[in-house]
Amino acid sequence: MDHFAYRNGELCCERVALGALAADVGTPAYVYSKAALLESLGAYARAFAAVPHVVCYAIKANANLGVLGALARAGAGADIVSGGELYRALRAGVPPRKIIFSGVGKTREELRAALEAGILMFNVESRSELRVLDQVARELGARAPVALRVNPDVDPETHPYIATGLRASKFGIPYDEALEAYEEAAGLEGVEVVGVDMHIGSQLTKTAPFGDAVARVASLVKVLRERSVDIRLVDIGGGLGIRYREEAPPTHAQYATVLLPALSELGVTVLLEPGRSIVGNAGILLTRVLYRKDTGEKQFVVVDAAMNDLIRPALYDSWHELRPVDQARLAGPMEKADVVGPVCESGDFLAKDRELAATEEGDLLAVMSAGAYGFVMSSNYNARPRAVEVLVDGGRYTIVRRRETYEDLVAGETAL
Ligand SMILES: *Cc1c(COP(=O)(O)O)cnc(C)c1O
């Protein structure tokens, strides 16, 4: 269901009208739909119902405590990549036994904190990290539950910045070195080998790379079992794409259909780490038109959201649909314009050469599909306070992060 739709001539999030919301909380504002969050989480649960599984939401996509809390109460675990994300997950009420720790550069302090919290599994990305984890665990008199992140060397056919499953990437242990690394792990006193992990990239719109990668992981699990390494957990990572424009990503069911045969045969508990596909289309960035500017060469629409709020267009050249909040604009004239923010960079744009309904100063625009890798990647560049975040539930909303103030901007700094 589309949780961002026009009602009575105005774009709404669930039953909250965005015009009234903007008047209350100001712009720019991130607006999330709780129903949309729970719908995508539920779609994973249904698709993988045939096997024991835990959906460990990759919180780097959107780590707001309100978002995490809603997902945790609906049964989600968390995939974390830092000590800060561990803190967030625990604060939001994610049970430690549903937390997985991924990432190539975990520090000793972060490893210790996660061991003390009693998390489900460490996804170890190198043999050096394995040795450090073993040492930290032994110091604590603990055994760290470990999976090695294996790099299955498949091409996910996505943007190069978010492709992680190729041999040339910094992520994971090369497939043909995995057995040796597992043998070392099995001999370490501070480590208990429990799983195998993969994550091949993000915004994948085809099922074949997932299928190829899981097939490789499944054969590794079989070899490991022959060598008496008991693998109980297989983590298939995240990466399922969403529709930003005209992409046609697989449905949850299609994704599961490709993966389930190999996984059920193994008799393991399946761990999933979806991020974007849980939150991406559950959030928008609401912004107001400040100025219009015609250079003769080009038409510019200057809005109050900028690259510090949403860096994806600048970083990945990504495309986000822009919808006028006032539906009547759709019946008016169209124009071709660049939609840009106030930041002093030519890379500060939300859309380039975009055909869109002509807007006027003061109009509200919704930047669609901004729930993932939006607010979490925001910054204070140009001394811009970060946007407010709002979680909508039916006809009501909660401010789940207040807009930053100028005081917040300088908190922790010292003037000399
Ligand atoms: C980023 C990441 C994810 C989530 O990826 P999405 O494309 O957002 O689903 C999952 N696992 C790991 C290890 C990641 O780095």
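No experiment lies behind these values; they were computed from the predicted model shown. (Residues numbered from 1 in each chain as written. Predicted model: local features only at pLDDT ≥ 70, side-chain atom pairs only at ≥ 80, totals over all residues. Heavy atoms only, no water.)

1. Quick look at the nonpolar core
Argument step 1. Core analysis: the largest hydrophobic core is formed by 100 residues, its most contacted members being F48, F122 and I236.
Argument step 2. A per-element tally of this core places helix α8 (residues 208-226) first, with 8 residues.
Argument step 3. Two domains each donate at least three residues to this core, and these are domain 1 (4-32 + 280-410) and domain 2 (103-272).
Argument step 4. Here I236 is in contact with F48, M198, V214, Y255, L259, L263, V270, L271 and L272, once residues within four sequence places are set aside.
Argument step 5. V25, I284, V388 and V392 belong to the second-largest nonpolar core, a separate cluster that totals 19 residues. (Core = buried A, V, L, I, M, F, W, Y, C linked by side-chain atoms within 4.5 Å. Buried < 20%, exposed > 50% of the residue type's maximum accessible area, 1.4 Å probe, protein only. Helix = DSSP H or I, 4+ residues; strand = E, 2+ residues; numbered from the N terminus. Domains from an automatic or database assignment. Contact = heavy atoms within 4.5 Å.)

2. Structural notes on the pairing of strand β14 (residues 283-294)
Argument step 1. Direction of pairing for strand β4 (residues 29-33) relative to β14: antiparallel, over a ladder of 4 bridges. Looking at the pairing, A29 lines up with L286 of β14.
Argument step 2. Of the strand pairs in this sheet, β14 and strand β19 (residues 364-367) are connected by 4 bridges, and their pairing is antiparallel. Across the sheet, the residue bridging to T287 is L365, located in β19.
Argument step 3. Bridging between β14 and strand β15 (residues 299-303) involves 5 bridges; their strand directions are antiparallel. Bridge pairing in β15 links Y291 to V302. (Pairing = 2+ DSSP bridges.)

3. Thoughts on the domain arrangement of the protein chain
Argument step 1. Here the protein chain is partitioned into domain 1 (4-32 + 280-410) and domain 2 (103-272).
Argument step 2. Using C-alpha coordinates to define each centre, domain 1 is positioned 36 Å away from domain 2.
Argument step 3. In this assembly, 9 residues from domain 1 lie in contact with 7 residues from domain 2.
Argument step 4. For the pair domain 1 and domain 2, the interface holds 1 residue pair in polar contact (both at pLDDT 80 or more).
Argument step 5. Taken together, the residues of the side of domain 1 that touches domain 2 break down into 3 nonpolar, 4 polar and 2 charged. (Polar contact = N/O pair within 3.5 Å; in protein donor to acceptor, adjacent residues only side chain to side chain. Nonpolar A, V, L, I, M, F, W, Y, C, P; charged D, E, K, R; others polar.)

4. Some points on the packing of aromatic side chains
The relation between two aromatic rings is expressed through the spacing of the ring centres and the mutual angle of the planes.
Argument step 1. Tallied over the full model, the rule gives 6 aromatic pairs.
Argument step 2. On the numbers, 6.2 Å between centres and 25 degrees between planes, the contact of Y30 with Y32 is stacked.
Argument step 3. Judged by its relative accessible area of 2%, Y32 falls in the buried class.
Argument step 4. Judged by centre distance (5.8 Å) and plane angle (70 degrees), the ring pair of F48 and Y255 falls under edge-to-face. Remark: Y255 occurs in helix α9 (residues 252-266) and F48 occurs in the loop between α2 (34-47) and β5 (53-58); sequence separation between them is 207 residues. Each member of the pair, F48 together with Y255, is buried.
Argument step 5. Through successive ring pairs, a cluster of aromatic residues spans Y44, F48, F210 and Y255.
Argument step 6. Between K106 and the ring centre of F101, over which it is positioned, the NZ or CZ distance is 5.6 Å.
Argument step 7. The side chain of K352 reaches across the aromatic face of F349, ending 4.2 Å from its centre. (Phe/Tyr/Trp six-rings, centres within 6.5 Å; stacked < 30°, edge-to-face > 60°. Lys NZ or Arg CZ within 6 Å of the ring centre and 35° of its normal.)

5. Description of the environment of S379
Argument step 1. Residue position: S379 is located in the loop between β19 and β20 (388-393).
Argument step 2. With 21 residues separating them in the primary sequence, S379 and V400 have C-alpha atoms 18 Å apart.
Argument step 3. Excluding its chain neighbours within four sequence positions, the residues that come into contact with S379 are N308, R384 and R386.
Argument step 4. Side-chain polar atoms of S379 contact the backbone nitrogen of Y381, separated by 3.2 Å.

6. Observations concerning the sheet that holds strand β2 (residues 10-13)
Argument step 1. Spatial ordering of the open sheet is given by β1-β2-β3, a layout of 3 strands whose pairing is antiparallel. With partners counted over all chains shown, the strands left at the sheet margins are β1 (4-7) and β3 (16-17), one partner each.
Argument step 2. The sheet contact formed by β1 and β2 spans 4 bridges and is antiparallel. Its bridge partner lying in β2, Y6 is registered against L11.

7. Thoughts on helix α7 (residues 178-186)
Argument step 1. If you check which residues of α7 are buried, you get A178, A181, Y182, E184 and A185. Buried residues of α7, seen end-on, are gathered within an arc of 160 degrees and therefore sit on one face of the element.
Argument step 2. In this structure, the buried residues of α7 make contact with α6 (127-139), β9 (144-151), β10 (173-174), β11 (191-197) and α8. (Arc of directions from axis to C-beta.)

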